[in-house]
Amino acid sequence: MDNPPEDGRRRELPAEVPVTARTAADGPPEGQSGGSGGPSLTGRQRLVQGIWPPRLTRAQLIVALLLFVLGLGLAIQVRSTNDSSALRGARQEDLVRILDELDDRTQRLEDEKRTLEEQRTGLENSSDQAEEARKQTAERERQLGILAGTVAAQGPGITLTIDDKKGTVEADMLLDAIQELRAAGAEAIQVNDVRVVASTHLSDATGGGVRVDGRKVSAPYRFKVIGKPQDLEPALNIPGGVVQTLEKEQATVTVARTEKIVVDALRPAKRPDYARSSSQ
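Residues numbered from 1 in each chain as written. Predicted model: local features only at pLDDT ≥ 70, side-chain atom pairs only at ≥ 80, totals over all residues. Heavy atoms only, no water.

## Some points on the pairing of strand E2 (residues 188-191)
For step 1, the next point in the chain: Of the two faces of E2, the one lined by Ala188 and Gln190 and the one lined by Ile189 and Val191 are each fully buried.
For step 2, the next point in the chain: Strand direction decides the pairing type here: E2 and strand E7 (residues 221-226), joined by 4 bridges, are antiparallel. Directly across from Val191, in E7, lies its bridge partner Phe223. (Buried < 20%, exposed > 50% of the residue type's maximum accessible area, 1.4 Å probe, protein only. Helix = DSSP H or I, 4+ residues; strand = E, 2+ residues; numbered from the N terminus. Pairing = 2+ DSSP bridges.)

Here it is, written out as structure tokens:
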């Protein structure tokens with residue numbers, strides 16, 4: 001039982017005061033903040049804080065690097081595939097011509113391989129190997145002499161005549177013609193009175209014309225070419241090729257097949273200053 005107060009008077013508790021419920025719209029109580037010690041944040045601000053600055057782990061960085069490398073490899077592969085499909089836009093007749101040229105080159109290589117094998121067999125089976133070797137050496141020397149321009153040559157081929165009355169044909173156009181003829185299997189070429197060999201260079205001459213290996217040649221330019229006529233003529237007449245390019249420059253171009261072409265312009269045999277045979 002509770003003890004009474006000393007003064008004998010009874011004391012009562014104060015009346016209870018009802019407390020109304022606080023809503024979210026009233027905000028936090030006094031002395032309290034919406035966050036941990038700072039002002040309250042909106043939903044957008046909390047979203048930004050969760051995204052930036054990014055918190056990347058080591059595993060995420062490795063995965064990102066692997067994806068970058070994979071994407072780079074796919075891009076390189078797609079680009080190389082596009083480069084290799086450059087012939088997709090070519091016309092059917094151009095594709096047929098390209099295939100024919102490839103077949104002809106393959107056939108020439110096969111013929112050369114067969115010739116070399118026959119030479120080897122002849123050396124192995126000949127009773128007089130020294131004499132057989134001398135014959136093959138002499139034949140090889142004649143072949144190299146034709147390529148080097150030190151001996152005359154004859155055979156089937158074409159004649160290409162370029163009449164340039166406007167003076168618009170330049171050295172690079174003649175060089176394109178030479179390169180196209182070589183690609184088509186030309187074995188000997190002569191421009192006017194100059195023999196064309198592997199080291200031949202062309203340049204524009206002062207006052208018109210073209211210099212071939214330092215010698216000035218003037219229009220009309222006459223090419224005498226030994227090779228297979230069925231390959232040489234189509235190589236010059238392809239759409240957008242040598243003939244069309246020269247005709248756009250208002251030059252008159254004539255290509256004629258001939259059963260016998262004589263290439264008789266010679267070049268002196270020059271001894272190299274430094275190079276020597278490795279067998280010496």
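## As for the nonpolar core
For step 1, the next point in the chain: The biggest cluster of nonpolar side chains holds 31 residues, and the ones touching the most others in it are Ile162, Leu181, Ile189 and Phe223.
For step 2, the next point in the chain: The set of elements that each furnish at least two residues to this core consists of strand E1 (153-163), helix H5 (171-183), E2, strand E3 (194-196), strand E5 (210-212), E7, helix H6 (229-236) and helix H7 (242-248).
For step 3, the next point in the chain: In terms of residue count, the dominant contributor to this core is H5 (6 residues).
For step 4, the next point in the chain: With near-sequence residues (within four places) excluded, Ile189 lies in contact with Ile178, Leu181, Arg182, Val194, Arg195, Val196, Phe223, Lys224, Val225 and Val263.
For step 5, the next point in the chain: Listed in part, the 5 residues of the second largest apolar core include Ala153, Ala188, Ile261 and Val263. (Core = buried A, V, L, I, M, F, W, Y, C linked by side-chain atoms within 4.5 Å. Contact = heavy atoms within 4.5 Å.)

## Remarks on the sheet that holds E3
For step 1, the next point in the chain: If you walk across this open sheet you meet the 5 strands as E3-E2-E7-E1-E8, and the pairing is antiparallel. Pairing within the sheet leaves two strands with one partner each, and these edge strands are E3 and strand E8 (252-263). Averaged over all pairs of adjacent strands, the angle between strand axes in this sheet comes to 20 degrees, irrespective of strand direction.
For step 2, the next point in the chain: The pairing of E1 with E7 spans 6 bridges and is classified as antiparallel. Bridge pairing links Thr159 to Lys224 in E7.
For step 3, the next point in the chain: Here H6 sits on the sheet in contact with E1, E7 and E8, set at roughly 15 degrees to E1. (Axes fitted to C-alpha atoms, helices over the stretch in contact; angles between N-to-C directions.)

## Some thoughts on the side chain of Arg195
For step 1, the next point in the chain: Tracing the backbone shows Arg195 in strand E3.
For step 2, the next point in the chain: The buried charged residue Arg195 lacks any salt bridge partner; its closest oppositely charged side chain belongs to Asp264, at an N-O distance of 7.3 Å.
For step 3, the next point in the chain: Within the structure, the side chain of Arg195 is placed 3.1 Å from the backbone oxygen of Ile146, a separation counted as a polar contact.
For step 4, the next point in the chain: Among the polar contacts made by the side chain of Arg195, one reaches the main-chain carbonyl oxygen of Val151 at a distance of 3.1 Å. (Lys, Arg positive; Asp, Glu negative; His and termini not counted. Salt bridge = Lys/Arg side-chain N within 4 Å of Asp/Glu carboxyl O. Polar contact = N/O pair within 3.5 Å; in protein donor to acceptor, adjacent residues only side chain to side chain.)

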